[in-house]
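# Coordinate analysis (summary)
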Amino acid sequence: MRMTRLLANTLRENPAEAEVVSHQLLVRGGYIRRVASGIYNLLPLMWRVTRKVEAIIRDEMDQSGAQELMMPILQPADLWEESGRLKDYGKELMRLTDRHDRACILAPTHEEVITTIARNELQSYRSLPVNLYQIQNKYRDEIRPRFGLLRGREFLMKDAYSFHASESCLDKEYDVMTQAYINIFNRCGMETVMVRSDSGAIGGSVSHEFMVLTRIAEGEQESGENEVYFCEDTNCGYAANGDRAEALLPPSEARPAYEGKATIVDTPGATSIELMQQKFKMHPELILKSLIYMADGEKPVMVLIRGDLEVEETKLKNVMNANEIWMATPEELKELSGSAKGFIGPVDLPDSIPILADESIRELKDFYVAINEIDKHMVNANWGSDVPMPQTFTDLKLARIGDICPECKSGKLQMTRGIEVGNIFKLGTKYSEVMNAKFASENGEDKPFIMGCYGIGVTRTAAAAVERYHDKFGIIWPMAIAPYHAVIIPVNTQVPEQMALAQQLYDQFTKAGIEVVMDDRDERAGVKFKDADLIGFPIRITAGKKAGEGFLECKMRDQKESKDIPVADVLAWAQQQMQEWRPFQEATREKTDADKVTSA
RNA sequence: CGGGAUGUGGCGCAGCUUGGUAGCGCACCUGCUUUGGGAGCAGGGGGCCGCAGGUUCGAAUCCUGUCAUCCCGACCA
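Residues numbered from 1 in each chain as written. Chains lettered and ligands numbered in written order. Predicted model: local features only at pLDDT ≥ 70, side-chain atom pairs only at ≥ 80, totals over all residues. Heavy atoms only, no water.

### Focus on the sheet that holds strand E4 (residues 74-76)
Pairing is antiparallel across the open sheet formed by three strands, whose spatial order is E4-E6-E5. Of all the strands in the sheet, the pair left with one neighbour each is E4 and strand E5 (94-97). The sheet shows a mean angle of 35° between the axes of neighbouring strands, taken without regard to direction. (Pairing = 2+ DSSP bridges. Helix = DSSP H or I, 4+ residues; strand = E, 2+ residues; numbered from the N terminus. Axes fitted to C-alpha atoms, helices over the stretch in contact; angles between N-to-C directions.)

Quick look at the structure:
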């Protein structure tokens, strides 16, 4: 490809709307252009990257025995009615009506359709297991699309669905997919960490996410959207998404500030944990924090947790089996308890408000607690005698850096940010049951399919690579997914030796199957170098001063130095570089603690 | 949806307070000079100032409405 023919207009300045590096660099490098909020044109360069990621995915999926197919994006709403998700998916589901006023949706995922395929095509256990996948656009009407390709309303996704006659068979496939995913991301040049996750709207019991770990250079916006907690002990290897991470608390050293039996004291204006600590010397670890949350149908619930801890709302949502929860507003608080923020407590609480207790409060002794009376707290309270002991305890807290690992029970937890590029679920019979998708088992009985599903954000993976590999000059593509392997730059198109040499090499490369762009623009050298760095070609070959003597200047994007190599040897050099190319060789970031996480 | 902000050639912005018919940089086109890290000079093209209404002799500027975009929260590959 000649640069003069390539549709890739680079920009000097960052577009105002781009906040994260991948978005900025992809726009500046001429890879993508916005069409509407969360909707992008993938220009030729971007499409090449995308196709490379796809090719790797196809290869690994096919090798692991999955079959590719294609399902419709436009689907009848009836199907979603059947699975119950027309309601559950909420506003994120893109809805439309056709000319006959029939309700339709644009698919955000394909469990419904694939389940009908299984229902119609798979009659017997003999045809199981089956794993079917597709690579196709998905539509999610995100409340707030952002970060360019990292979170669009339309995005390319690989989604696979497996069907099994038994749990153990699903378990096996889950492992096969896990390995395939590790291979895929490794081949894309990225380390990933596999973490336990919340299964969200897709549903199911067990699920894991694949995270590309990001570390953001100084002055750059944090772009890893997910917090990943992991055990500092690499032998342990525990890692989990922040919304699911469990943690054990380090032993508390807190001592009560009051003596004697439980009493009620005046605490004027103590509306927050912080104020209780500052004004009344109450140690947060001894405060029983009481919060009122409202769930879906405005069902209130009181959450009890230790004063120094935060509630992880995703955990709470799961426990309550709710779609939406929020902290009660001052008005709601008044109506429910007659009290106000800071003074809500489990003592003398109306029976209509159920209590959910976090594990952290189980062992509390001589604690401080609000009693639904303004400007008053009870001190030295204890379970049973002063406050009724909650019936059950669950894990509702947000893990913290420095907490104890729940797995090995000795290591401390660390946190890093990650971009979720893949997700695998054990769905079980969630969809097959409601959609009546059954097969004949060995003894002739009808049984619902046991299902798994496995997704990869294709465009997101590409963007994550940019997020992970870049410097202040531009993108540093991993060889495997770079739009082109190499760029050849004749420094001055007016100098015949340079052009001749560049052309000679270009032909050689092309013949050898190396994807190469010849920068034949009549631009100054500086412009070409800047653009080459910005676009991120892994290999750069310059025909310059020494062209007359038959030397070319060869440089890798991720390395500083260049070498002068005689024309005759350049092809071999390039081929060697391509073969030997490994990510992280000239790391674009220092090793962080995150790197110690067992690579998934 | 709640909170905050912004809409002016392809991109980045100024002008708006104090109304007088639109400007700068980049990009683009032509010419000359230049030619190893985003060149210089000269010339040129392109914008119903987001949209609709109103106030006014006159609106990018003031008022009302509306739409869109972006940032912070809940959602997610």
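### Focus: the packing of aromatic side chains
In the structure shown here, the tally under the stated rule is seven aromatic pairs. Consider the rings of Tyr181 and Phe210, whose centres lie 5.2 Å apart with planes at 55°: the pair is tilted. Of this pair, Tyr181 sits in helix H6 (residues 167-187) while Phe210 sits in strand E10 (residues 206-214), placing them 29 residues apart in sequence. Measuring from centroid to centroid gives 5.2 Å for Phe439 and Phe449, while their planes differ by 35°, and the two rings are tilted. A residue pair is termed long-range when its members are at least 10 positions apart, and Phe439 in strand E22 (residues 438-440) and Phe449 in the loop between strand E23 (446-448) and strand E24 (450-457) qualify at ten residues. A network of ring pairs unites the aromatic residues Phe163, Phe439 and Phe449 as a single cluster. Directly above the ring of Tyr506 sits Arg2, whose terminal nitrogen or CZ lies 5.4 Å from the centroid. Directly above the ring of Tyr174 sits Lys426, whose terminal nitrogen or CZ lies 4.8 Å from the centroid. (Phe/Tyr/Trp six-rings, centres within 6.5 Å; stacked < 30°, edge-to-face > 60°. Lys NZ or Arg CZ within 6 Å of the ring centre and 35° of its normal.)

### Observations concerning unusual backbone geometry
The omega angle of the peptide bond from Leu128 to Pro129 is -5°, so this bond is cis rather than trans. Looking at where Pro129 falls in the secondary structure, it is placed in the loop between helix H5 (111-121) and strand E7 (130-139). Phi at Phe147 takes a positive value of approximately 60°, unusual for a residue other than glycine. Counting through the fold element by element, Phe147 comes out in the loop between E7 and strand E8 (154-164). We classify Phe147 as buried; its relative accessible area is 13%. Backbone geometry places Asp375, a non-glycine residue, at a positive phi of 60°. Here Asp375 shows up in the loop between strand E18 (367-370) and strand E19 (376-381). (Buried < 20%, exposed > 50% of the residue type's maximum accessible area, 1.4 Å probe, protein only.)

### Observations concerning the sheet that holds strand E29 (residues 539-543)
If you trace the five strands from one edge of the open sheet to the other, you get E28-E27-E29-E30-E31, paired in mixed fashion. The sheet terminates laterally at strand E28 (516-518) and strand E31 (562-566), the two strands that pair on one side only. Within the sheet, the average angular offset between the axes of one strand and its neighbour, ignoring direction, is 25°. Bridge count for strand E27 (residues 486-490) against E29 is five bridges, and the pairing is parallel. Following the sheet pairing, Val487 is matched in E29 by Arg540. Of the strands in this sheet, E27, E28, E29 and strand E30 (551-556) are in contact with helix H12 (residues 496-511), which crosses E27 at around 165°. (Contact = heavy atoms within 4.5 Å.)

### A few points about the domain arrangement of chain A
You can read the domains of chain A as domain 1 (44-225 + 423-468), domain 2 (263-394) and domain 3 (484-580). The straight-line distance from the C-alpha centre of domain 1 to that of domain 2 is 39 Å. (Domains from an automatic or database assignment.)

### Brief notes about the protein's contact with RNA strand B
Of all residues adjacent to RNA strand B, which total 51 residues, the nearest are Arg12, Glu92, Lys317, Asp533 and Glu553. Counted by atom, the contact set of RNA strand B within 4 Å of the protein is 48% sugar and phosphate. The separation between a phosphate oxygen of RNA strand B and a polar side-chain atom of Arg146 is 3.4 Å. Arg460 is positioned with one of its side-chain polar atoms (N or O) 3.2 Å from a base oxygen of RNA strand B. At the level of elements, E8, strand E21 (413-428) and helix H13 (525-535) are the ones that each hand at least two residues to the surface near RNA strand B. Counting residues per element, the surface near RNA strand B draws most heavily on H13, at eight residues. When its residues are assigned to classes, the surface near RNA strand B shows 15 nonpolar, 14 polar and 22 charged. (Near = heavy atom within 4 Å. Polar contact = N/O pair within 3.5 Å; in protein donor to acceptor, adjacent residues only side chain to side chain. Nonpolar A, V, L, I, M, F, W, Y, C, P; charged D, E, K, R; others polar.)

### A few points about the confidence of the model for chain A
Atom-level detail of predicted coordinates should not be read off regions where pLDDT is low. Looking at chain A as a whole, its pLDDT mean stands at 87, while 93% of the residues score no less than 70. Averaged pLDDT values over the elements of chain A bottom out at 75 in helix H9 (residues 330-337) and peak at 98 in strand E3 (residues 67-68). Here residues 216-222 is a poorly scored stretch, pLDDT under 50, and it has eleven contacts once near neighbours within four places are set aside; other chains count. Residue range residues 585-600 is modelled with pLDDT below 50. Its contacts to residues more than four positions away, or to other chains, number 36 contacts. (pLDDT = per-residue confidence, 0-100.)

### Thoughts on the pattern of salt bridges
Under the counting rule described, the total for this entry stands at 31 salt bridges. Across the pair Arg468 and Glu191 runs a salt bridge whose closest N-O atoms are separated by 2.8 Å. You can see Arg468 sitting in helix H11 (residues 458-468) and its partner Glu191 sitting in the loop between H6 and strand E9 (192-196), a full 277 residues away along the chain. Here the two residues Arg468 and Glu191 agree in accessibility, since each one is buried. Residues participating in the shared-partner salt-bridge network are Glu285, Arg306, Asp308, Arg400 and Asp403. (Salt bridge = Lys/Arg side-chain N within 4 Å of Asp/Glu carboxyl O.)

### Comments concerning the nonpolar core
Judged by nonpolar contacts, the single largest core of 63 residues is most densely connected at Leu26, Tyr31 and Trp477. When residues of this core are sorted by domain, at least three fall in each of domain 1 (44-225 + 423-468) and domain 3 (484-580). Residues within four places of Tyr31 in sequence aside, it is in contact with Leu25, Leu26, Asn41, Leu42, Leu43, Leu45, Met46, Val49, Ile475, Trp477, Pro483 and Ile535. One finds Ile105, Ile114, Tyr161 and Phe439 within the second-largest nonpolar core, a separate group that totals 27 residues. (Core = buried A, V, L, I, M, F, W, Y, C linked by side-chain atoms within 4.5 Å.)

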